[in-house]
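So you can see what is in the structure, the chains are spelled out below.
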Protein chains: 2
Amino acid sequence: MTPQRELVFRAFFELGDHVTVDELYDKVKEKDKSVGYSTVWRNLKLICKVGLAEEVNIGDGVTRYDRVTQVPHGHFFCVECKSLTEFSVDQIVGVLAQSANDHKFVPEAFKIEIRGLCQQCQNKKTSLNTKEEVRD
Amino acid sequence: MTPQRELVFRAFFELGDHVTVDELYDKVKEKDKSVGYSTVWRNLKLICKVGLAEEVNIGDGVTRYDRVTQVPHGHFFCVECKSLTEFSVDQIVGVLAQSANDHKFVPEAFKIEIRGLCQQCQNKKTSLNTKEEVRD
DNA sequence: AAGCTAAATGAAAACGATTTTCAATTTCAA
DNA sequence: TTGAAATTGAAAATCGTTTTCATTTAGCTT
Ligand SMILES: [Mn+2]
Ligand SMILES: [Mn+2]
Ligand SMILES: [Zn+2]
Ligand SMILES: [Zn+2]
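Keep in mind it's a predicted model, so treat the numbers as computed, not measured.

(A) Examining the environment of Leu24(A) more closely. Residue and element names in this part refer to chain A. Along the chain, Leu 24 turns up in helix α2 (residues 21–31). Taking the C-alpha atoms as reference points, Leu 24 and Lys 111, separated by 87 residues in sequence, lie 23 Å from one another. In this view, Leu 24 contacts Val 8, Ala 11, Phe 12, Leu 15, Val 19, Val 40 and Leu 44; residues no more than four positions away in its chain are not counted.

Here it is in structure tokens:
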């Protein structure tokens, strides 16, 4: 256990969910400017390897890292503001496990993502439309 | 409409699901060696833009392209042999839509993935274990 | 058919996130 | 304290993706 490793681990759990390597790197640098990017990257991978985090890929070319939670959760991804929020998938996982079983597939993990518009972005669009209507 | 574009479109629909750019490029080259990689890439993006395909990201660093189907489907991803197979998600989508609604989230698309072991890879592991038991 | 313009192409380079290399440093067990 | 093994930081390599740009082509207008 090196001081750098401890910094990275601490920073990861302080930052919370859906962290990118760059975000973690910046956070670590707040405490110690001298820590290298590769060290942050390697230790983040290590956090994954020991099962404390897992990669989340929303398809924007940047891997995010999510704390592994006791209860599984799904992700709402807003295509407008790119926000990523979580929701419970208790019942859904049951149905999925059944599906897997039906197909003789042994599940290890479930990835559930809903893309769409978050509430804020819906409001923005609505107010825009209203303005346009007034203009007409 | 150029001959290259037609080749790319045809090749994509011949190849079927979960195609990578490289796979499509190879397929197109079977018909015409002179077609450039960028042309294949651009036309594949075009196929997406017009709504005939969508990107699938299983987190292995390679984007795959899936035909858009009338009925939504989920993916089984075998972590052993990396195979990607499809399954029906009729009921699940209903539950997810309800979840989205509960959170005032307007859904556009659902991504459902189950990672684990396909039947073949289960068998391989079982037979390996059996051999080990015999050895002991 | 010829001319024109916008669109498409192919080769190459640029890009950017991720991963590896390697010499130097540090940890930790003996 | 000593030495082997692990870790670090800087730099470079990797690799899928995307852009650039000079050239060609498609598809309209005479
Ligand atoms: Mn999450
Ligand atoms: Mn599919
Ligand atoms: Zn939003
Ligand atoms: Zn398999």
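(B) Focus on the coordination of the manganese ion (ligand 1). All names here are of chain A. Around the manganese ion (ligand 1), the protein contributes the donor atoms His 18 (NE2), Asp 66 (OD), His 73 (NE2), His 75 (NE2) and Glu 86 (OE), which lie 2.1 to 2.3 Å from the metal centre. Donor residues for the manganese ion (ligand 1), ordered by position in the chain, follow H-x47-D-x6-H-x1-H-x10-E. In this pair, His 75 sits in strand β4 (residues 73–78) while Glu 86 sits in strand β5 (residues 84–88), placing the two residues eleven residues apart along the sequence.

(C) Molecular detail of the interface of chain A and chain B. Taken together, the contacts link 32 residues of chain A with 32 residues of chain B. Here chain A and chain B share an interface that buries about 2800 Å² over both sides, 65% of which is from carbon and sulfur atoms. Across the chain A-chain B interface, the total number found is ten residue pairs in polar contact (both at pLDDT 80 or more). Sorting the residues of the side of chain A that touches chain B by element identifies β4, β5, α4 (90–102), β6 (106–117) and α5 (119–135) of chain A as the ones contributing at least two each.

(D) Summary view of the relation of the copies chain A and chain B. Overlay of chain A on chain B (RMSD 0.1 Å): rotation 180°, translation along the axis 0.0 Å. In symmetry terms, the pair is related by a two-fold rotation axis. Minimal C-alpha separation from the rotation axis in chain A is found for Ile112(A), amounting to 2.4 Å. Residue by residue, 100% of the interface of chain A is reproduced at the interface of chain B, so both copies engage with the same surface.

(E) Main features of the protein's contact with DNA strand D. With respect to spatial proximity, 21 residues lie near DNA strand D, and among them Thr2(A), Arg5(A), Thr39(A), Arg42(A) and Thr63(B) are the closest. Of what DNA strand D places within 4 Å of the protein, 68% of the atoms are sugar or phosphate. Gly61(B) has a polar backbone atom sitting 3.5 Å from a sugar or linking oxygen of DNA strand D. The separation between a phosphate oxygen of DNA strand D and a polar main-chain atom of Thr63(B) is 2.8 Å. Mapped by element, the contributors of at least two residues to the surface near DNA strand D are α1 (3–15) and α3 (37–49) of chain A together with α3 (37–49) of chain B. No other element matches the five residues that α3(B) contributes to the surface near DNA strand D. Here the surface near DNA strand D is built from residues that sort into six nonpolar, eleven polar and four charged.

(F) Looking closely at the protein's contact with DNA strand C. If you check the shell around DNA strand C, you find 21 residues, and the closest are Met1(A), Thr63(A), Thr2(B), Thr39(B) and Arg42(B). When atoms of DNA strand C within 4 Å of the protein are split into backbone and base, the sugar-phosphate part holds 68%. Between Gly36(B) and DNA strand C, the recorded distance is 3.0 Å, taken from a backbone N or O atom to a phosphate oxygen. Note that a base nitrogen of DNA strand C is positioned 3.1 Å from one of the side-chain N or O atoms of Ser38(B). Where the surface near DNA strand C is concerned, the elements lending two or more residues are α3 of chain A together with α1 (3–15) and α3 of chain B.

(G) Representation of the sheet that holds strand β3 (residues 63–67) of chain B within the structure. Residues and elements named next belong to chain B. Reading across the sheet, the three strands line up as β1-β3-β2 and stay open at both edges, with antiparallel pairing between neighbours. What marks the edges here is a single partner per strand, and that holds for β1 (19–20) and β2 (53–57). With two bridges connecting them, β1 and β3 associate as antiparallel partners. Considered in β3, the bridge of Val 19 is made with Tyr 65. Contacting β1, β2 and β3, α1 runs over the sheet at an angle of about 85° to β3.

(H) Representation of the domain arrangement of chain A within the structure. All names here are of chain A. The domains assigned to chain A are domain 1 (1–68) and domain 2 (70–136). Placing the centre of domain 1 and that of domain 2 at their C-alpha centroids yields a distance of 25 Å. In this complex, domain 1 contributes nine residues to the contact, which on the side of domain 2 involves nine residues. Across the interface of domain 1 and domain 2, roughly 660 Å² is buried in total on both sides, 50% from carbon and sulfur atoms. On the domain 1 side of the interface with domain 2, the three residues burying the most area are His 18, Ile 58 and Asp 66, jointly 60% of the side's total. At the boundary of domain 1 with domain 2, the tally comes to zero salt bridges. Summed over the shared surface of domain 1 and domain 2, the number is six residue pairs in polar contact (both at pLDDT 80 or more). Sorting the residues of the side of domain 1 that touches domain 2 by element identifies β2 (53–57) and β3 (63–67) as the ones contributing at least two each.

Conventions and cut-offs
- Residues numbered from 1 in each chain as written.
- Chains lettered and ligands numbered in written order.
- Predicted model: local features only at pLDDT ≥ 70, side-chain atom pairs only at ≥ 80, totals over all residues.
- Heavy atoms only, no water.
- Helix = DSSP H or I, 4+ residues; strand = E, 2+ residues; numbered from the N terminus.
- Contact = heavy atoms within 4.5 Å.
- Donors = N, O, S within 2.8 Å, 3.2 Å for Na, K, Ca; no water.
- Buried area = accessible area lost by both parts, 1.4 Å probe.
- Polar contact = N/O pair within 3.5 Å; in protein donor to acceptor, adjacent residues only side chain to side chain.
- Least-squares fit on C-alpha atoms with pLDDT ≥ 70 in both.
- Near = heavy atom within 4 Å.
- Nonpolar A, V, L, I, M, F, W, Y, C, P; charged D, E, K, R; others polar.
- Pairing = 2+ DSSP bridges.
- Axes fitted to C-alpha atoms, helices over the stretch in contact; angles between N-to-C directions.
- Domains from an automatic or database assignment.
- Salt bridge = Lys/Arg side-chain N within 4 Å of Asp/Glu carboxyl O.

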